[in-house]
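Listed below, chain by chain, are the residues.
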Amino acid sequence: MKLYDAIENRRTIRKFRQKKIDREIIGKLIHCARIAPSGANLQPLKYIVVDDPERVESVFSTLKWAGYIAPEGNPKEGQRPVAYIIVVVDTKIRKLGAERDVGAAVQNILLAAHAEGLGSCWIGSVDRKRLAQDLDIDPRYIIDSVIALGYPAEKSIYEDEQGSIEYYKDSNHVMHVPKRKLEDILIFDEEE
C-alpha cells in the first residue's frame, strides 16, 4: 500500500466484524506510535491495550460515538470493536503539552491499522473518570483518548463538502465524510 493511498483511503470505522486481532498486529501498531515525533523527544505516551471481551464491553460503555448521526452511528451489539488502545500521558515524564505527541502517535496507529486491514475510530468523547476507575488505571496516567479497533464491517468514504461538514450515511449505509475543498484551505504566502 502506498502512503498517499493509505492517507486518502483511511476513514473512521464504527462497525466491526467480531474477529479477534492478533496481539502481534497490535504490537506493530504500538511500535508505529512509539517512533512518532515527540516534543523534546520526551516520549510521555503509554498505550493500554484492552482486548479481553468483558473488559472491551466495559470500555465501550464509557464512550460516545458519532455525534452527527447518534444514535444510529453507535456500534450495535455484534458490530462493536474487539479491541481498544487507550492513549495515556505519563505525568512523571510530562504533565502538560503532550497534545502534539498524541496527534502524531495516533495518526501513525490509524495508518498502520489501515495497512493491516483493520478499521479504527479515534475517540475523544470519553468518560475518563469512569474508565480510569473501571480499569484501575494508575492516577499518574492522564487518559487522552481511545482508539477502537476491529476488522471493518462498513464502508466509509470522503468527499468534498457541499455546504456542510456533517458526516452522514446514505441509503446503502455507506458513511460519507465531507472534507473542506483544497482551494478553501490552501493559502500560499505571496507578496502582492
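Below is a short write-up of the structure.

Cut-off values and rules
- Residues numbered from 1 in each chain as written.
- Predicted model: local features only at pLDDT ≥ 70, side-chain atom pairs only at ≥ 80, totals over all residues.
- Heavy atoms only, no water.
- Helix = DSSP H or I, 4+ residues; strand = E, 2+ residues; numbered from the N terminus.
- Buried < 20%, exposed > 50% of the residue type's maximum accessible area, 1.4 Å probe, protein only.
- Contact = heavy atoms within 4.5 Å.
- Areas by Shrake-Rupley, 256 points an atom, 1.4 Å probe, with all protein chains shown as cover.
- Core = buried A, V, L, I, M, F, W, Y, C linked by side-chain atoms within 4.5 Å.
- Phe/Tyr/Trp six-rings, centres within 6.5 Å; stacked < 30°, edge-to-face > 60°.
- Lys NZ or Arg CZ within 6 Å of the ring centre and 35° of its normal.
- Pairing = 2+ DSSP bridges.

## Quick word on the overall build of the protein chain
Piece 1. Counting secondary structure elements, the protein chain contains six helices and eight strands.
Piece 2. Taken along its principal axes, the extent of the C-alpha atoms in the protein chain is 50 × 45 × 30 Å.
Piece 3. Looking at the protein chain as a whole, 41% of its 192 residues are labelled buried.
Piece 4. Taking the intrachain contacts of the protein chain between residues at least 6 apart in sequence as the baseline, contacts between residues at least 24 apart amount to 76%.
Piece 5. Here the protein chain displays about 11500 Å² of accessible surface, and carbon together with sulfur accounts for 51% of that area.

## What about the environment of Arg-100?
Piece 1. Tracing the backbone through its elements, the reader meets Arg-100 in helix α4 (residues 99–115).
Piece 2. When the C-alpha atoms of Arg-100 and Ile-187 are compared, they prove to be 22 Å apart, with 87 residues separating the residues in sequence.

## Comments concerning the nonpolar core
Piece 1. One finds Ile-21, Leu-29, Tyr-47, Ile-85, Ile-147 and Leu-149 to be the most contacted residues of the largest nonpolar core, which totals 26 residues.
Piece 2. Listing elements by their share of this core, those giving two or more residues are α2 (23–34), β2 (45–50), β3 (83–90), α4 and β5 (141–152).
Piece 3. The greatest single-element share of this core, amounting to seven residues, is contributed by α4.
Piece 4. Ignoring any residue separated from it by four or fewer positions in sequence, one finds Ile-85 in contact with Leu-29, Ile-30, Tyr-47, Ile-48, Val-49, Ile-109, Ser-145, Val-146, Ile-147 and Leu-149.
Piece 5. Grouped together as the second largest cluster of nonpolar side chains are 20 residues, Val-50, Val-59, Val-126 and Leu-135 included.

## Some words on the environment of Tyr-141
Piece 1. Here Tyr-141 is to be found in strand β5.
Piece 2. As for Tyr-141 and Ala-113, which are separated by 28 residues in sequence, their C-alpha atoms are 24 Å apart.
Piece 3. Beyond its immediate stretch of four places on either side in the chain, Tyr-141 contacts Lys-46, Val-88, Val-89 and Asp-90.

## Re the packing of aromatic side chains
Piece 1. A complete count under the given rule lists two aromatic pairs for this structure.
Piece 2. Judged by centre distance (4.8 Å) and plane angle (65°), the rings of Tyr-68 and Tyr-167 are edge-to-face. Of this pair, Tyr-68 sits in the loop between α3 (53–60) and β3 while Tyr-167 sits in the loop between β6 (156–160) and β7 (168–169); the two residues are 99 residues apart in sequence, bridging distant segments of the chain.
Piece 3. Since its relative accessible area comes to 43%, Tyr-68 is described here as partly exposed.
Piece 4. For Tyr-167, a relative accessible area of 17% corresponds to the buried category.
Piece 5. Just above the ring of Tyr-167 sits the side chain of Arg-14; from NZ or CZ to the centre is 5.0 Å.

## Topic: the sheet that holds β7
Piece 1. Spatially, three strands are ordered β6-β8-β7 in an open sheet, and the strand pairing comes out mixed. Unpaired on one side and paired on the other, β6 and β7 mark the two borders of the sheet.
Piece 2. Alignment of β7 against strand β8 (residues 175–179), held across two bridges, turns out to be antiparallel. Its bridge partner being in β8, Tyr-168 is matched across the sheet by His-176.

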